[in-house]
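Summary of structural features
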Amino acid sequence: MTIEEPRDVVWYLDGYDKEDELLRTRRPISRDQIIRLRKVVIPDEDDPWMLYGYNVPLFAWPALDEILHCGPPDPTLDYQTGSYAAD
């Protein structure tokens, strides 16, 4: 099954506080970056465009940094990808 590329989607990387789970950071991810990122943070088979949220494990951070140029992770945060439909 081929799933078409979604239109008008905004992808992002969120950082949530480990203690209170509040959103602390949000970094946009471009279409080209999401294509590369889905080889590092493997999406579900039925979600090739990473429309669902995915946890980003710290062991994947060097590859993530190479793609997003985001620097080192904040040790007080948990990271997750996400998306929403743009207006």
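The structure under discussion appears in the preceding block.
Structure report, in brief. As the structure is a computational prediction, the values presented were derived from the model and not from experiment.

Going through the model one piece at a time under the given rule, you end up with five salt bridges. With a shortest N-O distance of 2.7 Å, Asp14 and Arg26 are connected by a salt bridge. Taken together, the residues Asp14 in strand E1 (residues 9-17) and Arg26 in strand E2 (residues 23-29) connect sequence positions twelve residues apart. Note that Asp78 and Lys18 form a salt bridge whose closest N and O atoms lie 4.0 Å from each other. Here Asp78, found in strand E4 (residues 77-85), pairs with Lys18, found in the loop between E1 and E2; they are 60 residues apart in sequence, far enough to count as distant. Here Asp78 falls in the partly exposed class, since its relative accessible area comes to 43%. The network of salt bridges with common partners includes Asp17, Asp20 and Arg24.

Quick look at the environment of Leu22 now. Inspection of the secondary structure puts Leu22 in the loop between E1 and E2. Residue classification places Leu22 among the partly exposed residues on the basis of a relative accessible area of 44%. Taking the C-alpha atoms as reference, Leu22 lies 20 Å from Cys70; in sequence the two are 48 residues apart. Leave out the neighbours within four places in its chain, and Leu22 touches Gly15, Tyr16 and Asp17.

Phi is positive for Met50, close to 50°, though the residue is something other than glycine. Relative to the assigned elements, Met50 resides in the loop between helix H1 (31-37) and strand E3 (54-55).

Time to look at the nonpolar core. Within soluble globular proteins, side chains that are nonpolar tend to cluster in buried spots. Core analysis: the largest hydrophobic core is formed by 17 residues, its most contacted members being Leu13, Ile29, Ile34, Leu37, Val56 and Leu64. Of all the secondary structure elements, the ones that give two or more residues to this core are E1, H1, helix H2 (61-68) and E4. Residue contributions to this core peak at four residues, all from H2. Apart from residues no more than four positions distant in its own chain, Ile34 is found in contact with Trp11, Ile29, Trp49 and Met50.

Parameters at a glance
Each chain has its residues counted from 1, following the order in which its sequence is written. Owing to the predicted nature of the model, reporting of local features is limited to residues with pLDDT of at least 70; listing and counting of side-chain atom pairs is limited to 80 or more, with chain, interface and lining totals taken over all residues. Side-chain numbers come from the whole structure's heavy atoms, not from hydrogens or water. Think of a salt bridge as a Lys or Arg side-chain nitrogen and an Asp or Glu carboxyl oxygen that are within 4 Å of each other. Counting from the N terminus, the helices are the DSSP runs of H or I reaching at least four residues and the strands are the DSSP runs of E reaching at least two. Working definition: with a 1.4 Å probe on protein chains only, accessible area under 20% of the residue-type maximum means buried, over 50% means exposed, and in between means partly exposed. Any two residues having at least one pair of non-hydrogen atoms within 4.5 Å are treated as being in contact. Nine residue types can take part in a nonpolar core, namely buried Ala, Val, Leu, Ile, Met, Phe, Trp, Tyr and Cys, and a core is a set of them joined through side-chain atoms within 4.5 Å.

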